[in-house]
Amino acid sequence: MAQRESDEYDALEQQFPQGISAAQIVEFFAPKGVKLAQATFRKYVQLGLLPRSRRVGEKGKHRGSKGLYPASAVRRISLIKSLMDEGMTLEDIRRSFVFFRGQLDGVERALDELFAALDKAVAERQELKPSRRKELERLLSESRHQAHQFVKEMEKSVSELTKREEPGKG
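Residues numbered from 1 in each chain as written. Predicted model: local features only at pLDDT ≥ 70, side-chain atom pairs only at ≥ 80, totals over all residues. Heavy atoms only, no water.

Caption draft 1: Up close: the overall build of the chain. Counting its secondary structure elements, the chain contains seven helices and two strands. Ordered by position from the N terminus, the helices and strands of the chain form the series α-α-α-β-β-α-α-α-α. Every one of the 170 residues in the chain was classed for burial, and the buried ones make up 31%. Relative to all contacts within the chain whose residues are 6 or more apart in sequence, the contacts with residues 24 or more apart total 59%. Accessible area of the chain: about 11,800 Å², with a carbon and sulfur share of 52%. (Helix = DSSP H or I, 4+ residues; strand = E, 2+ residues; numbered from the N terminus. Buried < 20%, exposed > 50% of the residue type's maximum accessible area, 1.4 Å probe, protein only. Contact = heavy atoms within 4.5 Å. Areas by Shrake-Rupley, 256 points an atom, 1.4 Å probe, with all protein chains shown as cover.)

Written out as structure tokens, the structure is:
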């Protein structure tokens, strides 16, 4: 059954690579018998258990914008629900790896957006000499690698920080 759920999450993430609305996430859980109200969803966001939405403009005159969440939020909600079924409170979960993983996801998203903007800026600068362009691309590549290493080190730190102590140890 866990593999089937994983496949459903993979399919959802492929179907909504740009993000998914809160209403769509709530609808995803309804046929599974998982109770998730939009108010509960918002509370998870406010507590930092889920990432904040990204505002995306609607096409058409005066349509405004809508909030889109990473489709991976569905996996996190499922994890939160299962941890609560095991007796953990929302405060326990906030102190767990789940909360910090959400924060790291936000850092990774921000870094991806930053590097995409920097890549675009280099590509748009037609006046750059080939040697200067190559140097800038090398610097961006090194920075990207350092950012990736930073996130990996933070994951290790978070894992150690949130590791549950074994009874009788220490």
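Caption draft 2: Highlighting the side chain of R133. Tracing the sequence through the fold places R133 in helix α7 (residues 130–162). In this structure, R133 is buried with no salt-bridge partner, the nearest side chain bearing the opposite charge being E137 at 5.0 Å. A polar side-chain atom of R133 sits 2.6 Å from the main-chain carbonyl oxygen of V122. Dropping the residues within four chain positions of it, R133 is found in contact with V122, A123, R125, Q126 and L128. (Lys, Arg positive; Asp, Glu negative; His and termini not counted. Salt bridge = Lys/Arg side-chain N within 4 Å of Asp/Glu carboxyl O. Polar contact = N/O pair within 3.5 Å; in protein donor to acceptor, adjacent residues only side chain to side chain.)

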